[in-house]
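Summary of the model geometry
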Amino acid sequence: MTDTPTTPQAERIAELRRARARSPFLRASLIIGIGLLVWAWTAGDLYESYLTSDQKRANLERFLAKLTPAPVRDSGDWSQLTPWITEQLTKGDGLRAVVLTFALATTAAALSGLFALAFLPGAARNLATPAPIGIPSGRNGITAKLWSVLSKLTRAFFVFTRSLPEYVLGFLLISVFGPDPWALVLALAIHNFGILGRLGSEVIENAPQAPALTVVAHGGGRFGAYLAALLPEGFNRMVVYFFYRWETCVREATVLGMLGVMSLGYLITDAKSGRAFDQMIFFVLLGAIIVLAGDLLSVLVRRWLRYER
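Attention in this report is confined to the structure presented alongside it. (Residues numbered from 1 in each chain as written. Predicted model: local features only at pLDDT ≥ 70, side-chain atom pairs only at ≥ 80, totals over all residues. Heavy atoms only, no water.)

Some thoughts on the overall build of the protein
When helices and strands are counted, the protein shows 13 helices and 0 strands. Listing the helices and strands of the protein from first to last along the sequence gives α-α-α-α-α-α-α-α-α-α-α-α-α. The C-alpha atoms of the protein give 27 Å as radius of gyration, which overshoots the globular expectation for 309 residues (19 Å, by more than 25%). In terms of overall dimensions, the protein has C-alpha extents of about 80 × 70 × 45 Å along its principal axes. Counting all 309 residues of the protein, 34% fall into the buried class. Looking at the protein alone, contacts between residues at least 24 apart form 71% of all its contacts between residues at least 6 apart. On the protein, roughly 19400 Å² of surface is accessible, and the fraction owed to carbon and sulfur atoms is 66%. Of the charged side chains in the protein, 30 are positive and 22 negative; the average position of the first set lies 10 Å away from that of the second. (Helix = DSSP H or I, 4+ residues; strand = E, 2+ residues; numbered from the N terminus. Rg over C-alpha atoms; globule rule 2.2 N^0.38 Å. Buried < 20%, exposed > 50% of the residue type's maximum accessible area, 1.4 Å probe, protein only. Contact = heavy atoms within 4.5 Å. Areas by Shrake-Rupley, 256 points an atom, 1.4 Å probe, with all protein chains shown as cover. Lys, Arg positive; Asp, Glu negative; His and termini not counted. Charge placed at Lys NZ, Arg CZ, Asp CG, Glu CD.)

Structure (structure tokens):
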């Protein structure tokens, strides 16, 4: 048996493989992760339940049986579905909850987006620096240090706000303002402000620098470069991030409604308490429809911005 002749490409690949960087930490993390996965999968005591298999099966059958709308389930006539949907939207406050959920999510996303845009010049590393876009500003040493400190503080502020869970914020703010919709709006806005701020600062840092360099070179300054060059260059990407967080706000506004503020979440909780699983699923689907409509709107706006009309 003869050895297979090696080509220069194969030798080069083998050489690169031998010279590749090896990370003991990465390998140890992989081994630990696999071990934890195996332990979680095989640890029977971790998933103890007070319900027997028969009780779980009975609960599932009861749940599935009640998914069919009550009038249809009682009469077997599917023509009763449309009147039932109309009743849920009107007398059941479904339409009002949809409007409020949409308003909560949109207001929170708009506030977080506007404040994030205002803070971006203080977070982007190519702007909040003594040499914006690589051109020294000519300021004294104290001012230069202040810009460096401002960049670190702004980015730390983004990290802090996005680390606060919306549900916990909503619970705390409802304790202060009562069951007021603005408590949920502020909870969503604070959390998403940090996320949009971080994403937006990365967009500004990775945007084409040539137009901004021209603005700064002609005396426009860092704010002029931000408003006249960097923001327009990255605006399409920011719109994508905005709608991404808006969809998240719709889902979170639904969940936060379970704290007692009128929204789809409030109706879902009320239906679940009454074991009206047909109504509960209906309101969940209404929330999904809002998200799908927002996704469609996002596609249309991006096409319009790209002049695909």
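Quick look at helix α13 (residues 277-305)
A rise of 1.5 Å per residue sets the reference length of α13, with its 29 residues, at 42 Å; its end C-alpha atoms lie 42 Å apart and thus fit the reference within 8%. Elements in contact with the buried residues of α13: α3 (53-65), α4 (70-75), α5 (81-89), α6 (94-119), α11 (221-256) and α12 (264-273). (Expected span 1.5 Å × (residues − 1).)

Comments concerning a nonpolar patch on the surface
Together, Leu114, Phe115, Phe119, Phe157 and Phe160 make up an exposed nonpolar region whose accessible area comes to about 510 Å². When contributions to the nonpolar patch are tallied by element, the ones reaching two or more residues are α6 and α7 (141-162). Take the nonpolar patch: its biggest share by element is 3 residues, from α6. Along the chain, Leu114 falls in helix α6. By relative accessible area, which is 57% here, Leu114 ends up exposed. (Patch = residues over 30% accessible without salt bridge, like charges linked within 9 Å, V, L, I, M, F, W, Y side chains within 5 Å. Salt bridge = Lys/Arg side-chain N within 4 Å of Asp/Glu carboxyl O.)

Overview of α6
End to end, α6 covers 37 Å across 26 residues, agreeing with the expected 38 Å (1.5 Å per residue, within 8%). Every buried residue belonging to α6 is among Gly94, Ala97, Val98, Thr101, Leu104, Ala105, Ala108, Ala109, Ser112, Gly113 and Ala116, and all of these are buried. Those residues of α6 that are buried lie in contact with α5, α9 (181-206), α11, α12 and α13.

Observations concerning the pattern of salt bridges
Note on pairing: side chains with opposite charge can pair once their charged atoms come close. Enumeration according to the criterion identifies 4 salt bridges in this entry. The shortest N-O distance in the salt bridge between Asp54 and Arg57 comes to 2.9 Å. Taken together, the positions of Asp54 and Arg57, both in helix α3 and 3 residues apart, correspond to about one turn of that helix. Asp54 sits in the exposed class, given a relative accessible area of 55%. On the basis of relative accessible area, Arg57 is assigned to the partly exposed category, the value being 45%. Note that Glu205 and Arg125 form a salt bridge whose closest N and O atoms lie 3.8 Å from each other. Placement of Glu205 in helix α9 and of Arg125 in the loop between α6 and α7 is noted, with a sequence separation of 80 residues between them.

Some details on unusual backbone geometry
Not every positive phi belongs to a glycine, and Arg275 is a case in point at roughly 60°. In this structure, Arg275 sits in the loop between α12 and α13. Arg275 gets classed as exposed once you look at its relative accessible area, which sits at 53%.

A word on a positive patch on the surface
Together, Arg17, Arg20, Arg22 and Arg27 make up a region of like positive charge exposed at the surface. Judged by its relative accessible area of 47%, Arg27 is partly exposed.

Focus: the side chain of Arg222
One can find Arg222 in helix α11. Within the buried set, Arg222 has no salt-bridge partner at all; the shortest N-O distance to an opposite charge, 12 Å, is to Glu205. Of the polar contacts made by the side chain of Arg222, one reaches the backbone oxygen of Leu127; its length is 2.8 Å. Ignoring any residue separated from it by four or fewer positions in sequence, one finds Arg222 in contact with Leu127, Thr129, Pro130, Pro132 and Trp147. (Polar contact = N/O pair within 3.5 Å; in protein donor to acceptor, adjacent residues only side chain to side chain.)

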